[in-house]
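Topology and contacts: notes
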Amino acid sequence: MKELLQQLTTAFGPSGYETKVRELILENIKKYVDEYRIDALGNLIARKGTLKENGKRIMVSAHMDEIGLMVTHVDEQGFAYVTNLGGVRPLNCMSNRVVFADGTEGMLCARDLEAGKLPTLDNFFVDTGASSREDCKVKIGDPCVFVGDFVDMGDRWMSKTMDDRIGCYIAIEALKELKNSPNEVYFVFSVQEEVGLRGAKTAAYSVDPEIGIALDVTHCNDTPGLVERNLKFGAGPCIKAKDGSLIGTPWLNNALYDAAERAGIPYQIEVLRGAGTDAGAIHLTRSGVPSSAISVACRYVHTPSEMVDVNDVKQAIQLLVEFVSHEIKDHQ
Ligand code: CO
Ligand code: ZN
């Protein structure tokens, strides 16, 4: 269990470069699914179960990509300048290490540093130890990601890619556990979420689901100094009422609350001012799809040290299994 998570969270996979993550997931789910395909954008779409009486076609989506950076140019001295792939904040770049697909590592630093002022992302360069442009192993267009190990802290886990490898992990474990359901469940491991929910958009079009559920992290605001304290560690999975991309469909959320109660697990109601998940793309597909998200409260989102609570993760798996295993009444 922890070995899979360790492999998942350390696999190289910035937006648009998810192949390694997909191969690893496929290896782990192959024998548990009825059918799978990889679409033109690189989404892995795996079906479990067939539609039975009173069943529904459900799309469960977890994104494989992680935030990263891409080289815009390399200067004469061999410093590689970068732009962002997804929500990378300058504050979180300062003095961190990055790694490229071929294993080349470098230090992220910004030029023209002024005391008390945060540089913008276009001032950041990667020092790979090169002494000239010719000598530099990285080239224009090369993507890189933060360096960071998986750390087992006992009741908590930490890694650079909890967003959203923990969602992938929850999907994998739920898929293994799922048996006898009236529903046809499509587990989608999507690409390019961090750059605008792009993979989920095409995957949802082809799956054509009746219900959409995203699995992702959300901002846990139980650390010092945060004003809104609505989501915390150890209080169970979060069910999405709202974020910047979606208003969780009320009857679907009621069905998720019911599933949590049947499974005897606590849950939190998630209201985010901004941000989004794959559900934001799913619900606007074709003529509309009732959608919501099951999120795991995560501290330090989009830093090299994203942290989650182990029990929250386990209960998110339980909630998902309980929800997709039973008939879902359409209360609309
Ligand atoms: Co993210
Ligand atoms: Zn995410």
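This one's a predicted model, so the numbers in the text were calculated from it and none came from an experiment. (Residues numbered from 1 in each chain as written. Chains lettered and ligands numbered in written order. Predicted model: local features only at pLDDT ≥ 70, side-chain atom pairs only at ≥ 80, totals over all residues. Heavy atoms only, no water.)

The cobalt ion (ligand 1) binds to the protein through Asp163 (OD), Glu194 (OE), Glu194 (OE) and His302 (NE2); the donor distances cover 1.8 to 2.6 Å. Taken together, the four donor atoms coordinating the cobalt ion (ligand 1) and their angles of 55 to 145 degrees define a geometry best described as irregular. Each donor residue of the cobalt ion (ligand 1) belongs to the same chain, with the gaps between them written as D-x30-E-x107-H. A separation of 3.3 Å is found between the cobalt ion (ligand 1) and the zinc ion (ligand 2), which are bridged by Asp163. On the criterion of sequence distance, the pair formed by Asp163 in helix α4 (residues 162-177) and Glu194 in the loop between β12 (184-190) and α5 (198-207) is long-range, its members being 31 residues apart. Residue classification places Asp163 among the buried positions, given a relative accessible area of 6%. (Donors = N, O, S within 2.8 Å, 3.2 Å for Na, K, Ca; no water. Tetrahedral: all angles 85-135°; square planar, octahedral: opposite > 155°, others 65-115°. Helix = DSSP H or I, 4+ residues; strand = E, 2+ residues; numbered from the N terminus. Buried < 20%, exposed > 50% of the residue type's maximum accessible area, 1.4 Å probe, protein only.)

Looking now at the coordination of the zinc ion (ligand 2). Surrounding the zinc ion (ligand 2) are the protein donor atoms His63 (NE2), Asp163 (OD), Asp216 (OD) and Asp216 (OD), at 1.9 to 2.6 Å. Coordination at the zinc ion (ligand 2) comes from four donor atoms whose angles at the metal span 52 to 145 degrees, giving a geometry best classed as irregular. Donor residues for the zinc ion (ligand 2), ordered by position in the chain, follow H-x99-D-x52-D.

Before going further, it helps to examine helix α6 (residues 250-263). Because each turn of an α-helix spans 3.6 residues, side chains separated by three or four positions end up pointing in the same direction. Between its terminal C-alpha atoms α6 stretches 20 Å, which fits the 20 Å expected from 14 residues at 1.5 Å a residue. The complete set of buried residues in α6 reads Trp251, Leu252, Asn253, Ala255, Leu256, Tyr257, Ala259 and Ala260. Buried residues along α6 sit in contact with β13 (211-219), β14 (238-242), β15 (268-271), β16 (291-299) and α8 (310-325). Just past α6, the residue Gly264 takes up positive phi, approximately 70 degrees. (Expected span 1.5 Å × (residues − 1). Contact = heavy atoms within 4.5 Å.)

With that settled, consider the packing of aromatic side chains. For the structure on display, the rule yields five aromatic pairs. Ring centres 6.2 Å apart and planes at 90 degrees place the aromatic pair Trp157 and Tyr169 in the edge-to-face group. Of this pair, Trp157 sits in strand β11 (residues 156-159) while Tyr169 sits in helix α4, and the two are twelve residues apart along the sequence. As far as the burial class goes, Trp157 and Tyr169 line up, both buried. Measuring from ring centre to ring centre gives 4.9 Å for Tyr257 and Tyr267, while their planes differ by 5 degrees; the resulting arrangement is stacked. You can see Tyr257 sitting in helix α6 and its partner Tyr267 sitting in the loop between α6 and β15, a full ten residues away along the chain. (Phe/Tyr/Trp six-rings, centres within 6.5 Å; stacked < 30°, edge-to-face > 60°.)

A word on the packing of helix α1 (residues 2-10) against α4. In contact at an axis separation of 9 Å, α1 and α4 are set at 140 degrees when each is read in the N-to-C sense. In this view, α1 runs oblique relative to α4, as classed from their interaxial angle. Considering how the two elements wind past one another, α1 and α4 form a crossing that is right-handed. Mapping the contact onto sequence places Leu4, Leu5, Leu8 and Thr9 in α1 and Arg165, Ile166, Tyr169, Ile172, Glu173 and Lys176 in α4. For the contact of α1 with α4, a count of residues per class yields six nonpolar, one polar and three charged. (Axes fitted to C-alpha atoms, helices over the stretch in contact; angles between N-to-C directions. Parallel < 35°, antiparallel > 145°, perpendicular 65-115°, else oblique. Left-handed = near helix turned anticlockwise from the far one by under 90°. Nonpolar A, V, L, I, M, F, W, Y, C, P; charged D, E, K, R; others polar.)

Our focus in this paragraph is the packing of α6 against α8. Where α6 contacts α8, the two axes come as close as 9 Å, and the packing angle between them is 110 degrees. Classified by the interaxial angle, the pair formed by α6 and α8 is roughly perpendicular. Note on packing geometry: the crossing formed by α6 with α8 is right-handed. For the pair α6 and α8, contact is made by Leu252, Ala255, Leu256, Ala259, Ala260, Arg262 and Ala263 and by Gln318, Leu319, Glu322 and Phe323, respectively.

Okay, the domain arrangement of the chain next. Domain boundaries in the chain define domain 1 (2-66 + 160-324) and domain 2 (68-146). Put simply, the middle of domain 1 and the middle of domain 2, counted by C-alpha atoms, are 31 Å apart. Taken over both partners, the interface formed by domain 1 and domain 2 buries close to 1100 Å², and the fraction arising from carbon and sulfur atoms is 65%. Here domain 1 is connected to domain 2 by zero salt bridges. Where domain 1 meets domain 2, there are four residue pairs in polar contact (both at pLDDT 80 or more). When grouped by side-chain class, the residues that make up the side of domain 1 that touches domain 2 number six nonpolar, three polar and four charged. (Domains from an automatic or database assignment. Buried area = accessible area lost by both parts, 1.4 Å probe. Salt bridge = Lys/Arg side-chain N within 4 Å of Asp/Glu carboxyl O. Polar contact = N/O pair within 3.5 Å; in protein donor to acceptor, adjacent residues only side chain to side chain.)

Attention shifts here to empty space enclosed by the protein. Counted according to the given criterion, the structure contains two cavities of 30 Å³ or more. Of the voids in this model, the largest cavity is the one considered here, and its volume is about 50 Å³. Every residue along the wall of the largest cavity is listed here: Glu66, Ile67, Phe146, Lys160, Thr161, Asp163, Glu194, His302 and Glu306. Classifying every residue of the lining of the largest cavity gives two nonpolar, two polar and five charged. (1 Å grid on protein atoms, 1.4 Å probe; cavity = no way out; pocket = protein on both sides within 12 Å on 5 of 7 lines; lining within 4 Å. Points joined across faces, edges and corners; volume = space filled by probe spheres on them.)

Moving on to the environment of His283. By secondary structure assignment, the location of His283 is in the loop between α7 (278-282) and β16. As a C-alpha pair, His283 and Gly212 span 71 residues in sequence and 6.8 Å in three-dimensional space. For His283, the residues in contact, after removing those within four places along its chain, are Ser245, Leu246, Gly288, Val289 and Ser291.

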